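Okay, here's what each chain looks like letter by letter:
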Amino acid sequence: MRRNKIDIISLGCSKNLVDSEHLMRQFAANGYTMEHNPSRVNGEIVVVNTCGFIQDAQQESVDMILQLVDAKREGKIKKIFVMGCLAERFLAELQNEPEFADVDKFYGKFNWKEMLADLGKSYHEELASERVLTTPRHYAYLKISEGCNRFCAFCAIPLITGRHKSVPVDELLDEVRTLVAEGVKEFNVIAQDLSSYGLDLYGEMKLPELVDRMAQIPGVEWIRLHYAYPTQFPYELLPVMAKHPNVCKYLDIALQHISDNVLANMRRHIGREETLTLLERIRREVPGIHIRTTLMAGFPGEGEAEFEELKQFVRDAKFDRMGAFAYSEEEGTYAQEHYDDAIPQEVKDERVSQLMDIQEQISLDLNEQKVGTVQRVIIDSEEDDYYVGRTQYDSPEVDPEVLIKKDKKLKIGEFYDVTIVEAMPFDLIGEVR
């Protein structure tokens, strides 16, 4: 056990990761040393930033807490603090669970400043926008808002994070300049609902202006956008994306389904025709754009006809990037209170498999079209036999990678022109020109 050291474990999404990075900056200012996601905990204190989105993520968080409780009982750590979405959503239940009696304190998603006070330390307001990056030095996530006003039938996020709350434009631009000065070149802009950014502060959608101003900051090489919402999409964003070469031709927009019946049950406030119009316009106004989406299988009301419609949609839309997951009934959501979760789990899982089988062939076909082309690639890491990089069309962790033969010495975090020589369904093989 190392005194005055804090191990921070981040579970769940990149939005959680940003919260951990801000907390780490505060710990550093108070004299602690830290390690993020250590392979072996050996800090005097361990902080777990939990995820509470779906049941699998909740279970992962619970399992991690139980592991740490065992470690504390064995004398390997002194204190356990639990924060984040699971703690925000189920605070009373967690506090009263006998298995967690050795957790020193539970904090929600937004009151972790109390943790510093409980340790006898101070929160430094002047450092509120600063972070200790846990990503490779050349890229960072930029969280531009918290919460969501959409209240989709299946989603617990508004129950956890509350109403949509934007970070002011100027604060974000200052954060970008600070990160550029630290060597960050790539900014992955994240929010639960990018489309609504600015509405609460300015009375209008400000994502187009934010991206336009970010793109003009010297040193910003790539800007990539994650989690736009299809309803009330800010179409003014599209000419901004088309105009700036450093705005990646990439958009992550979760569509969830295509059946009018299922979309209505989901309370998505959009239908099939509006969805098709949205996709057509995005692709027309931003030539070459790669669209990532997420689809859900097994939502209440999805019969065989609705699922066949969804499969055909995947075949026709030919998404560059796509994920699929099975519906999970979440406590307190509209779906849990109003619908019968009648589709067996094995049917849901089989439907997810069918969607991903279709997508695998589409991904291979699209990747094969890149063979012979030259792509600008940023290098993320070095393995024994190759370097690992990404194109502008690939977000860290979730998208395909470019594996580059080690014919030349390359630098991590630098850009190179790479000729694509081979394609696989979810990766590319390349050679530096």
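Residues numbered from 1 in each chain as written. Predicted model: local features only at pLDDT ≥ 70, side-chain atom pairs only at ≥ 80, totals over all residues. Heavy atoms only, no water.

1. Some details on the environment of glutamate 236
In this fold, glutamate 236 is placed in the loop between strand 10 (222-228) and helix 10 (237-243). The exposure class assigned to glutamate 236 is exposed, which follows from its relative accessible area of 54%. Along the primary structure glutamate 236 and glutamate 209 are separated by 27 residues, whereas in three dimensions their C-alpha atoms are 8.9 Å apart. (Helix = DSSP H or I, 4+ residues; strand = E, 2+ residues; numbered from the N terminus. Buried < 20%, exposed > 50% of the residue type's maximum accessible area, 1.4 Å probe, protein only.)

2. Considering the packing of helix 12 (residues 272-285) against helix 13 (residues 304-317)
The geometry of helix 12 relative to helix 13 is characterised by a closest axis approach of 13 Å and an angle of 15 degrees between their N-to-C directions. Accordingly, the angle class assigned to the pair helix 12 and helix 13 is roughly parallel. You can see that helix 12 and helix 13 cross each other, and the crossing is right-handed. Residues Arg272, Thr275, Leu276, Leu279 and Arg283 of helix 12 form the contact with helix 13, whose participating residues are Glu309, Phe313 and Ala317. Its residues placed into classes, the contact of helix 12 with helix 13 shows 4 nonpolar, 1 polar and 3 charged. (Axes fitted to C-alpha atoms, helices over the stretch in contact; angles between N-to-C directions. Parallel < 35°, antiparallel > 145°, perpendicular 65-115°, else oblique. Left-handed = near helix turned anticlockwise from the far one by under 90°. Contact = heavy atoms within 4.5 Å. Nonpolar A, V, L, I, M, F, W, Y, C, P; charged D, E, K, R; others polar.)

3. Some points on the packing of helix 7 (residues 169-181) against helix 9 (residues 207-215)
Where helix 7 contacts helix 9, the two axes come as close as 11 Å, and the packing angle between them is 30 degrees. Relative to helix 9, helix 7 is oriented roughly parallel. Between helix 7 and helix 9 lies a crossing whose hand is right-handed. The residues of helix 9 that touch helix 7, namely those facing Val169, Asp170, Leu172, Leu173 and Val176, are Glu209, Leu210, Arg213 and Met214. Of the residues in the contact of helix 7 with helix 9, the class split is 6 nonpolar, no polar and 3 charged.

4. Considering the pattern of salt bridges
Evaluated as defined, the whole model comprises 40 salt bridges. We note a salt bridge from lysine 78 to glutamate 44, for which the minimum N-O separation is 3.8 Å. One end of the pair, lysine 78, is in the loop between helix 2 (55-73) and strand 4 (79-84); the other, glutamate 44, is in strand 3 (residues 43-50), and 34 residues separate them in sequence. A relative accessible area of 43% means that lysine 78 is categorised as partly exposed. (Salt bridge = Lys/Arg side-chain N within 4 Å of Asp/Glu carboxyl O.)

5. Remarks on the sheet that holds strand 17 (residues 415-423)
Read once around its circumference, the closed barrel built from 5 strands follows the order 14-15-16-18-17, with strand pairing classed as mixed. Across the sheet, the axes of successive neighbouring strands diverge by a mean angle of 55 degrees, strand direction being ignored. Bridging between strand 14 (residues 374-382) and strand 15 (residues 386-390) involves 4 bridges; their strand directions are antiparallel. Within strand 15, the residue paired with isoleucine 379 across the bridge is glycine 389. (Pairing = 2+ DSSP bridges.)

6. Brief notes about the sheet that holds strand 3
Taken in spatial order, the 5 strands line up as 2-1-3-4-5 in an open sheet, and their pairing is parallel. In this open sheet, the two edge strands, each paired with only one partner strand, are strand 2 (33-36) and strand 5 (105-106). By the bridge criterion, 4 bridges tie strand 1 (residues 2-10) to strand 2 in an arrangement that is parallel. Counted as the bridge partner of lysine 5 is threonine 33 from strand 2. Of the strands in this sheet, strand 1, strand 3 and strand 4 touch helix 2, which is tilted by about 165 degrees from strand 3.

7. A few points about the side chain of serine 395
Along the chain, the position of serine 395 falls in the loop between strand 15 and strand 16 (401-405). Relative accessible area serves as the criterion here: at 2%, serine 395 is assigned to the buried category.

8. Some details on the side chain of aspartate 7
Within the element layout of this structure, aspartate 7 appears in strand 1. Residue classification places aspartate 7 among the buried positions, given a relative accessible area of 0%. Within polar-contact distance, the side chain of aspartate 7 engages the backbone nitrogen of asparagine 42 at 2.8 Å. Those residues within four positions of aspartate 7 in sequence are excluded, and the remaining contacts are Glu35, Pro38, Val41, Asn42, Gly43, Ile45, Val46 and Val47. (Polar contact = N/O pair within 3.5 Å; in protein donor to acceptor, adjacent residues only side chain to side chain.)

9. So, helix 13
Given 3.6 residues per helical turn, the α-helix brings residues three or four places apart onto the same face. Taking 1.5 Å as the rise per residue, helix 13 with 14 residues should run 20 Å; its terminal C-alpha atoms sit 20 Å apart, in good agreement. Glu306, Phe307, Leu310, Lys311, Phe313, Val314 and Ala317 are the residues of helix 13 that are buried. Projected down its long axis, helix 13 shows its buried positions confined to an angular sector of 155 degrees, all on one face. In helix 13, the exposed positions angled more than 90 degrees off the buried face are occupied by Glu304, Ala305 and Asp316. Downstream of helix 13 by one or two residues, lysine 318 has phi in the positive range, about 50 degrees. (Expected span 1.5 Å × (residues − 1). Arc of directions from axis to C-beta.)

10. Brief notes about the pairing of strand 1
Looking along a regular strand, one sees side chains alternate from face to face of the sheet. In terms of strand pairing, strand 1 meets strand 3 through 6 bridges, oriented parallel. Looking at the pairing, isoleucine 8 lines up with valine 47 of strand 3. With helix 1 (residues 14-29) bridging strand 1 and the parallel strand 2, this β-α-β connection has right-handed handedness. (Right-handed = clockwise from strand over helix to strand, strands pointing away.)

11. Here we look at the pairing of strand 11 (residues 247-253)
The buried count for strand 11 comes to 7 of 7 residues, which makes it a mostly enclosed element. Summarising the sheet, strand 10 and strand 11 pair through 3 bridges and their orientation is parallel. Pairing of isoleucine 223 across the sheet is with valine 247, part of strand 11. Note: strand 11 against strand 12 (residues 290-297), 3 bridges, orientation parallel. Bridge pairing in strand 12 links tyrosine 250 to histidine 290.

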